[in-house]
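# Coordinates in review
Listed here are the chains, written in short residue letters.
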Amino acid sequence: QVQLVESGGGLVQAGGSLRLSCVASGRIFSINGMGWYRQAPGNQRELVAAVTSDGRTNYADSVQGRFIISRDDAKNTVSLQMNSLKPEDTAVYYCNADIRRERTYLPVNYWGQGTQVTVSS
C-alpha cells in the first residue's frame, strides 16, 4: 500500500511561518504531480499549491508570493513553506500525489490524513 503522511502543522500568530512536509511511503515506482490542498470549516477543499514531476509550480492567488512548494524525489517528499501567515490561512492542510506503483500501472491519486494549521490574529 501507499501512504502519505503529513507533519508540521500547528498554531502560529499572524505574520509567522510554518513548514509542512509530506512523505510518501510504500511500493512506489514514480510520483507525478504532488500538491497541497486545504479545507476550512464550511468550505470546500481547495488547491493551495502544486508541483509537477519536472518542477513546474502552481499557486492559488491567495498564497502567491507567501507560500513555496518544493519536492525531493529522492526522499518522496513534498514540502510547503508558509510565510506571512494570515488568520484566513487557518484550515486542515492535505497532501496529495499521483503515484505509480509499478512501471506498467496507471498513476493513482492519494491523499494524506491532513494536518491542522491555525493562525491566530
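Conventions we followed
Residues numbered from 1 in each chain as written. Predicted model: local features only at pLDDT ≥ 70, side-chain atom pairs only at ≥ 80, totals over all residues. Heavy atoms only, no water. Phe/Tyr/Trp six-rings, centres within 6.5 Å; stacked < 30°, edge-to-face > 60°. Helix = DSSP H or I, 4+ residues; strand = E, 2+ residues; numbered from the N terminus. Buried < 20%, exposed > 50% of the residue type's maximum accessible area, 1.4 Å probe, protein only. Lys NZ or Arg CZ within 6 Å of the ring centre and 35° of its normal. Pairing = 2+ DSSP bridges. Axes fitted to C-alpha atoms, helices over the stretch in contact; angles between N-to-C directions. Disulfide = S-S within 2.5 Å. Polar contact = N/O pair within 3.5 Å; in protein donor to acceptor, adjacent residues only side chain to side chain. Salt bridge = Lys/Arg side-chain N within 4 Å of Asp/Glu carboxyl O.

### Some remarks on the packing of aromatic side chains
Under the criterion given, the structure shown has two aromatic pairs. Plain terms: the ring middles of Tyr94 and Trp111 are 6.4 Å apart, the flat faces sit at 85° to each other, and that makes the pair edge-to-face. Of this pair, Tyr94 sits in strand E9 (residues 91-100) while Trp111 sits in strand E10 (residues 108-111), placing them 17 residues apart in sequence. Judged by its relative accessible area of 14%, Tyr94 is buried. Note on Trp111: relative accessible area 37%, which makes it partly exposed. An aromatic cluster is defined as three or more aromatic residues linked by ring pairs; in this entry it consists of Tyr37, Tyr94 and Trp111. Over the ring of Tyr94 we find Arg45; its NZ or CZ atom is 3.7 Å from the centre of that ring. A cation sits over an aromatic face here: Arg45 above Trp111, 4.6 Å from the ring centre.

### Describing the sheet that holds strand E8 (residues 77-82)
As summarised here, the arrangement of the four strands in space is E1-E3-E8-E7, forming an open sheet in which the pairing is antiparallel. Looking at which strands have only one partner, the edges of the open sheet turn out to be strand E1 (2-7) and strand E7 (67-72). On average, adjacent strands in this sheet sit at an angle of 15° to one another, irrespective of strand direction.

### As for the state of the cysteines
Evaluation of the coordinates by the stated rule reveals one disulfide. Covalently, Cys22 is tied to Cys95 through a disulfide, its sulfur atoms 2.1 Å apart. As the torsion about the S-S bond is roughly -80°, the Cys22-Cys95 disulfide counts as left-handed. One end of the pair, Cys22, is in strand E3 (residues 18-26); the other, Cys95, is in strand E9, and 73 residues separate them in sequence.

### Comments concerning the pairing of E1
Only one face of E1 is covered, namely the face carrying Val2, Leu4 and Glu6; the face carrying Gln3, Val5 and Ser7 is uncovered. Where E1 and E3 come together, six bridges link them in antiparallel fashion. Along E3, the bridge assignment pairs Leu4 with Ala24.

### Description of the environment of Asp89
Along the chain, Asp89 turns up in the loop between E8 and E9. Classification of Asp89 by relative accessible area gives buried; the value is 1%. With 29 residues separating them in the primary sequence, Asp89 and Ala60 have C-alpha atoms 12 Å apart. A polar atom in the side chain of Asp89 sits 3.0 Å from the side chain of Arg38.

### Focus on the pattern of salt bridges
Following the criterion strictly, the structure yields six salt bridges and no others. The salt bridge partner of Asp89 is Arg38, with a shortest N-O separation of 3.0 Å. Here the residue Asp89 occupies a position in the loop between E8 and E9, and Arg38 occupies one in strand E4 (residues 30-39), the gap between them amounting to 51 residues. Look at Arg38 and you get buried, because its relative accessible area is 6%.

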